[in-house]
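Here is what each chain is made of, one letter per residue.
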Amino acid sequence: MRLPRPPTLPEPRRAALRRLRKPGTQDVLDDALVLWLPGPNTETGEDMAELHLHGGRAVVAAVLDALGKLPGLRPAEAGEFTRRAFENGRLDLTAVEGLADLVFAETEAQRAQAMRQYRGLLGERAESWRQRLIGALALIEARIDFSDEADVPEDLIGPALRAARELLEEIEQTLRDAHRGERLREGLVVAIAGPPNAGKSSLLNRLARREAAIVSPYAGTTRDVIEVHLDLGGYPVTLLDTAGVRESDDPVEQEGVRRARARAEAADLVLWVEEAGKVGVSDGRNESKNRWIVHNKIDLLHPSTTPVVESGGTFQISALTSKGVDGLVAALASYAADYFQIGESILVTRQRHRKALHETADALNRALAAPADQEELVAEELRLAARALGRLMGRVDVEDILDVIFRDFCIGK
Ligand code: GDP
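To start, this report covers the structure provided alongside it. (Residues numbered from 1 in each chain as written. Predicted model: local features only at pLDDT ≥ 70, side-chain atom pairs only at ≥ 80, totals over all residues. Heavy atoms only, no water.)

## Here's the deal with the packing of helix H3 (residues 93-104) against helix H13 (residues 399-407)
- Viewed as axis vectors pointing N to C, H3 and H13 meet at an angle of 25 degrees, and their least axial separation amounts to 10 Å. With respect to H13, the axis of H3 lies roughly parallel. The chirality of how H3 crosses H13 is left-handed. In this structure, H3 uses Leu93, Val96 and Glu97 to contact H13, whose residues at the interface are Ile401, Leu402, Ile405 and Phe406.
- The class makeup of the residues in the contact of H3 with H13 is 6 nonpolar, no polar and 1 charged. (Axes fitted to C-alpha atoms, helices over the stretch in contact; angles between N-to-C directions. Helix = DSSP H or I, 4+ residues; strand = E, 2+ residues; numbered from the N terminus. Parallel < 35°, antiparallel > 145°, perpendicular 65-115°, else oblique. Left-handed = near helix turned anticlockwise from the far one by under 90°. Contact = heavy atoms within 4.5 Å. Nonpolar A, V, L, I, M, F, W, Y, C, P; charged D, E, K, R; others polar.)

## Some words on the environment of Gly45
- Following the sequence through the fold, Gly45 ends up in the loop between strand S2 (28-37) and strand S3 (48-52).
- Residues Gly45 and Gly89 lie 44 residues apart in sequence; the distance between their C-alpha atoms is 8.0 Å.
- Not counting residues up to four positions away in its chain, the partners in contact with Gly45 are Gly39, Pro40 and Arg90.

## Notes on the site of the ligand
- Near the ligand you find 18 residues, and of these Asn197, Lys200, Ser201, Ser202 and Asp299 are the closest.
- A distance of 2.9 Å separates an oxygen atom of the ligand from a polar backbone atom of Ala319.
- Leu320 places a main-chain nitrogen or oxygen 3.1 Å from an oxygen atom of the ligand.
- Relative to its free-state accessible area of 580 Å², the ligand is covered by the protein chains to the extent of 87%.
- Ranked by residue count, the leading element in the shell around the ligand is helix H8 (residues 200-208), at 3 residues.
- For the shell around the ligand, the class distribution of residues is 8 nonpolar, 7 polar and 3 charged. (Near = heavy atom within 4 Å. Polar contact = N/O pair within 3.5 Å; in protein donor to acceptor, adjacent residues only side chain to side chain. Areas by Shrake-Rupley, 256 points an atom, 1.4 Å probe, with all protein chains shown as cover.)

## Quick word on the nonpolar core
- Membership of the largest hydrophobic core comes to 33 residues, with the highest contact counts inside it found for Leu203, Leu271 and Trp292.
- Within the residue set of this core, elements represented by two or more residues are strand S4 (188-193), H8, strand S5 (226-232), strand S6 (235-241), strand S7 (269-275), strand S8 (291-296) and helix H10 (325-340).
- With 8 residues, the single largest contributor to this core is H10.
- Judged by nonpolar contacts, the second largest core, of 32 residues, contains Ala160, Ile171, Leu357 and Leu364. (Core = buried A, V, L, I, M, F, W, Y, C linked by side-chain atoms within 4.5 Å. Buried < 20%, exposed > 50% of the residue type's maximum accessible area, 1.4 Å probe, protein only.)

## Re helix H12 (residues 375-392)
- The first and last C-alpha atoms of H12 sit 26 Å apart over 18 residues, in line with the 26 Å expected at 1.5 Å per residue.
- In this structure, the buried side of H12 is in contact with H3, helix H5 (121-145), helix H6 (157-175) and helix H11 (351-369).
- The first or second residue beyond H12 is Gly394, which carries a positive phi of 80 degrees. (Expected span 1.5 Å × (residues − 1).)

## A word on the packing of aromatic side chains
- Counting across every chain of the model gives 5 aromatic pairs.
- Taking the centre distance of 5.4 Å and the plane angle of 15 degrees together, the rings of Tyr235 and Phe340 count as stacked. Here Tyr235, found in strand S6, pairs with Phe340, found in helix H10; they are 105 residues apart in sequence, far enough to count as distant. One exposure class covers both Tyr235 and Phe340, and it is buried. (Phe/Tyr/Trp six-rings, centres within 6.5 Å; stacked < 30°, edge-to-face > 60°.)

## Some thoughts on the pattern of salt bridges
- Counting across every chain of the model gives 21 salt bridges.
- Salt-bridge contacts for Arg19 lead to Asp31; the nearest nitrogen and oxygen are separated by 2.8 Å. In this pair, Arg19 sits in strand S1 (residues 16-21) while Asp31 sits in strand S2, placing the two residues 12 residues apart along the sequence.
- Asp31 sits in the partly exposed class, given a relative accessible area of 29%. (Salt bridge = Lys/Arg side-chain N within 4 Å of Asp/Glu carboxyl O.)

## Quick look at H3
- Under the 1.5 Å per step criterion, the end-to-end length of H3 is 17 Å for 12 residues, consistent within 8% with the ideal 16 Å.
- Along H3, 9 of the 12 residues are buried, which leaves the element largely enclosed by surrounding structure.

## A look at unusual backbone geometry
- The linkage connecting Gly39 with the following residue, Pro40, adopts the cis geometry, with an omega of 5 degrees.
- A positive phi angle, near 65 degrees, is found at Arg13, a position not held by glycine.
- Examined against the element boundaries, Arg13 turns out to sit in the segment before S1.
- At Ala178, a residue that is not glycine, the phi angle is positive and equals roughly 55 degrees.
- Assignment of secondary structure puts Ala178 in the loop between H6 and helix H7 (180-186).

Interpretation in functional terms is not warranted from these geometric data alone.
The following block contains the structure:
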């Protein structure tokens, strides 16, 4: 794209103050800081210009309008800058995903993980694995191509297989991460469950410190699952309130009930809320799950009734007066910290990464299991392994996944 060349183009990469005028009329639109960034060392690899305007809506609109009237100019589509950066080889696919995660990161731990991915933690590792694979492959191909020539060493297969075995071990080690990277992206899901009127919505409100759920003195007024996102000590925690989950004759509601149950049952932790005076009416569901018992409404207990303090995982609270809630929050925060235990070394943050690495490992396993004299077979499996790593970085077979990944970007940059 070619813009009319202004008489005084700023120095590359130097901010310059320029008066912006409407093409044709010469009306002054704004005094702006202008940056001229010639490619290829730019975000997208292409020539770029930046206009830093005074932030008013009308100023921005007027300048965009004037730009839009220039031939060949149009607003970028969602994710287009990143897409171009990817297509021009400035970012590999794992970095693009890291950038998407960075934009959506809600907590500090998510931000740090996204940043590592954006800066190429997985991409660079995958590239070095691929280089080593290609090295091993070259040994085997040399063996195949020059097998009759006397000066080619007999044992090229041995070193190639040794390299493949080392690689396999590193990849398997990477995959033994208890899915912590994916977990951190998704957050810890905590379902609040228990009999009607026990105070589940009230507790959720307390925890969220805002009026997120409808609190009502009548049983079962919350229709759907209410979801609140919390940042506990830098870790993402999603609270689900299933207060309104109850049987219904309406097929639409039945479907809602079914979904609500399924979500709550898939939760990582259940807070089972009961009224402190009416303990013992739990229906036994979720027994096998990780479940904490919360005795609510302790403000209603007669002062002489000492609440039974049970061992671990049982909390005495009042959602009304807030008593005991801080202790529950602290326990949740420390549970989240244990649950994520995220290390600098976590490489896999998406199912897509895991799948590609499993495919790589499977091909390496097949290569290692091949009979020793079957060089062609070994070479083919190593090629498949390299291809799976190429897929991970978005170098090959990307057409069908690109739209899915770039659709996640809802911003134009
Ligand atoms: P849910 O059906 O389990 O979601 O229960 P709600 O949160 O809607 O609460 C039911 C009723 O109990 C409401 O009238 C709340 O104000 C009341 N409630 C909730 N928590 C407490 C509490 O800790 N103490 C007292 N006294 N009342 C509470």
